[in-house]
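Structural overview
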Amino acid sequence: MRLPKNYEPQEYENDIYRLWEESGSFKPANSDEQAYCIVMPPPNANAGLHIGYALTNALEDISARYNRMQGRPTLLLPGADHAGFETQVVYEKKLASEGKSRFDFTRDELYKQIWDFVQDNKGIFESQIRAMGASCDWSQYTFTLDDKIIKSAYSTFKKMWDEDLIYRGERLVNYCTFHGTGFADIEVAYEDADTPLYYMKYGPFELATTRPETKFGDTAIAVHPDDKRYKQYVGKVIEVEGVNGMFEIQVVADEMVDPKFGTGVVKITPAHDFNDWEVAKRHNLPVVKVIDNDGKLNDKTGRFSGLTVEEAREEVVKALEEKGLLTKIDEGYKNRVGKCYKCGTVIEPMLMKQWFINMKPLAKTAINELKAGKIKFYPESKKGQLIKYLEGLRDWNISRQIAWGIPIPAFVNVEDENDWIFDENVGDLTIVRNGREYRRDPDVFDTWFSSSSWPYATLEYPENNQLKQFYPNGLMETGGEILYPWVSRMIMLGLYVTGKVPFKEVYIHGYVMAEDGSKMSKSVGNVVDPMPIIKEYGSDALRMGIVSGRSPATNTGYDGRRVVEARNFCNKLWNIARFIESKVKTSEAGQTPKPTTPAEHWVLSRLDNAQSKLKQQLDRYEFSEAYETVYHLIWDDIADWYIEAGKDKINPKMLDYVLESSLKLVHPFAPFVTETIWQTLYPKTNTMLMSQTWQGVIDYNPAQATDFEKLKSIITEVRHIKTVLNTSGGSLVHTDSKLIEENHKLITKLAGLENIKKLKDKKGIALTQTSENCSVDLGEKNAKKLIESLRDKEDKLNRSIKTLNERLANKNYLAKAPAKLVSETKAQLESTELELEKTQKLIEDYS
């Protein structure tokens, strides 16, 4: 035999992938069919791939292989993301471990070092993507710092510049003082926190604030317009005693103020609070910046200059106490604090001159297209969430103060800070235009800005005629955490630049959680590395195991048992192939068979049903359900029934046809083992399994297929009864069944019976799961024993249900037991009640 006894994935997977790649099988075929494209979300080029990417890869590759086997030109386009800020953070940690920091190098030096660092990492995860079986066209591999991506980003920036959608303004931005860069609103991580609320005297008022250290930047006092307590002060200038002396400040009325917060009076610090910034714009208030980009107070704060925010807060509170201006501190105040999602530093609202995009026109167009149903979402609820997000979208800060990224192509006149020009000559720090010297903006683009062109820039749409058919993309498959920062922006920029939605469908997968349901974390040490799993169980096992039991946008824990089950599935398929190989001569392979037995008609009907079902499921991206379909086709229908039923009457051509058809259906889920079997058994065809198309099943007789289904029901019920009674032998008794007579040998063999009898009256335990008038005769003693065993089981189940109900009715249990344990109890009750219902039905049937 050419197939060895055991399937060892590690012995075949590298060679099979190399065969696919070298044969050009990943390149889209020429066809008149509707093209299908997935531009893979590029993994960050700063580290190896985690288990979540294994899920991403499995879902995308299943879709790509399925569509390819439907005869559609299919492109799965790979890439890597330079991941500007995140990659620089990773590299800075590396520098720190060496006793260095980013400040030891110029921007250009740091950029070159990170470039080399990224190139090394890209090679690592590219090999990992191959190990996961991704059928991507590596000739189209794209890095987000490739010329075509940069060209697209610059083209979009210039278009927006010309159409006044891009503007440079001094506004508050989210700023991390540790990393020294601004963020978009979406990148801020908010946490619930207990923050002291400081009450202080402020002229004739008492007010509460969480930030006493910013009082040096206060430019107004605000109250609510309807608050009668303070109406007499609105519009006046009051004198206030401060820690640095007396000063005057005006009082304004604004609906932003919550009369129930503190005393209903708030200080307005426009340069260091987003709400206050909006108040300042409405009331034309001055803006005074008192915290610099290093997170320290500046010289406008007097003796507190040079202190960090935390140090200054402590010192200012002491000074207020010394002067009798601090009335009380409320330690129990709860609020939400924005933090840097990488280092945890509290985000400082910072007044900076940055490049912003006016998002309202872009969001409006996207909302209209979404409401018109131009993009289908899985799950559908994500569309509504996205529309709501777009409706509240603020202008986008796209400037980042880091070295690693795409330089912003804007230069400022060294003699006029308001004179900016667009120029792509970013390799020079200064340029001369029309006799004037201009200095390049040192900032780089927010990574989300350049990557928003991903669906069309990777395809060089519309200039590249060969790839034009793949835009819009067929599917964007990604995680829910980037629905807002990335998916929304791809939609907006895709519509703005191309006039078309960037993709027709969006599938959102959930997180792969730790086995206990918690979020994976390197610090906790519960992150699962996919590569050792692939080494132990094979890539196919990981693909199927991680897809099994998952629903879109639902966070699900990693379950290693499912990977083991999938490995066993691969072994089952391998053993089926070995059996069929032993029965089929080379001359019989590839020939069209004719079904002659009910079992053969039935297996063809199961193949037909599975193929039809799979098309529906995969067209709707029901990955877990589709995997279940192929699993039961192979394990139950073919291995347990068709092959066992046909062992006494071998039809080699039919066996070969069933194997060939099955391999095609399983291939999208388990590409390595199916291709290995195909290349081993059909080497002379000189074809790849992955390049085959799903054909319609050959003709079969539905009536004969139904006959075998009846035989299955008889055999299954007899087996069940004998298992319950723990007995062997016995006879099948029927009054007059042609089907049973014609298939007596099959029934006796598979049901483990001694013989079949034709009698005028049924005898023994009546079979209820078939339309045939028959019974199983195991003796009167066994018949009584069956009913007794079922009634014993009924009693035990009733007792269990009573105990579980009492436990769930116990208030102490519900209050003190872990939520997971309570959930398990409820699930146990549900399954026990279902088992009781089945048992009572059997008692009714067999009594």
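If you're wondering where the values come from, they're calculated on a predicted model, not measured in any experiment.

Remarks on the pattern of salt bridges
Under the definition given, this model contains 45 salt bridges. Across the salt bridge formed by aspartate 15 and arginine 18, the nearest N and O atoms sit 2.8 Å from each other. Taken together, the residues span about one helical turn, with aspartate 15 and arginine 18 both in helix α1 (residues 13-23) at a distance of 3 residues. With a closest N to O distance of 3.7 Å, aspartate 137 and lysine 27 form a salt bridge. In this pair, aspartate 137 is assigned in the loop between α4 (107-131) and β4 (142-143) and lysine 27 in the loop between α1 and β1 (36-39), connecting sequence segments 110 residues apart. By relative accessible area, which is 43% here, lysine 27 ends up partly exposed. Three or more residues are tied together by salt bridges with common partners; here these are Arg211, Glu213, Arg313 and Glu348.

What about the state of the cysteines?
As enumerated under the stated definition, the model contains 0 disulfides in all. Here cysteine 176 stays unpaired: no disulfide links it, and the sulfur of cysteine 343, its closest cysteine neighbor, is 3.7 Å away. By relative accessible area, which is 0% here, cysteine 176 ends up buried.

Section: helix α2 (residues 51-68)
For α2, built from 18 residues, the straight-helix expectation of 26 Å at 1.5 Å per residue is met to within 8% by its first-to-last C-alpha distance of 26 Å. Along α2, 18 of the 18 residues are buried, which leaves the element largely enclosed by surrounding structure.

A closer look at the sheet that holds strand β31 (residues 765-766)
Read across the sheet, 4 strands follow the order β30-β29-β32-β31 without closing on themselves; strand pairing throughout is mixed. In this open sheet, the two edge strands, each paired with only one partner strand, are β30 (755-758) and β31.

Quick look at unusual backbone geometry
Of note, the amide linkage connecting tyrosine 378 to proline 379 takes the cis form, showing an omega dihedral of 0°. With a phi angle near 50°, alanine 83 is a residue other than glycine that sits in the positive phi range. One can find alanine 83 in the loop between β3 (79-80) and α3 (84-97). We classify alanine 83 as buried; its relative accessible area is 5%. Despite not being glycine, asparagine 434 has its phi angle at roughly 55°, a positive value. Look at asparagine 434 and you get exposed, because its relative accessible area is 75%.

Considering the packing of α3 against α4
The interhelical angle for the contact between α3 and α4, taken along N-to-C directions, is 95°, at an axis separation of 11 Å. When the axes of α3 and α4 are compared, the pair comes out roughly perpendicular. In this structure, α3 contributes Thr87, Gln88, Val90, Tyr91, Lys94 and Leu95 to the contact, and α4 contributes Leu110, Gln113, Ile114, Phe117 and Val118. A breakdown of the residues in the contact of α3 with α4 according to their chemical character gives 7 nonpolar, 3 polar and 1 charged.

The rules behind each value
- Residues numbered from 1 in each chain as written.
- Predicted model: local features only at pLDDT ≥ 70, side-chain atom pairs only at ≥ 80, totals over all residues.
- Heavy atoms only, no water.
- Salt bridge = Lys/Arg side-chain N within 4 Å of Asp/Glu carboxyl O.
- Helix = DSSP H or I, 4+ residues; strand = E, 2+ residues; numbered from the N terminus.
- Buried < 20%, exposed > 50% of the residue type's maximum accessible area, 1.4 Å probe, protein only.
- Disulfide = S-S within 2.5 Å.
- Expected span 1.5 Å × (residues − 1).
- Pairing = 2+ DSSP bridges.
- Axes fitted to C-alpha atoms, helices over the stretch in contact; angles between N-to-C directions.
- Parallel < 35°, antiparallel > 145°, perpendicular 65-115°, else oblique.
- Contact = heavy atoms within 4.5 Å.
- Nonpolar A, V, L, I, M, F, W, Y, C, P; charged D, E, K, R; others polar.

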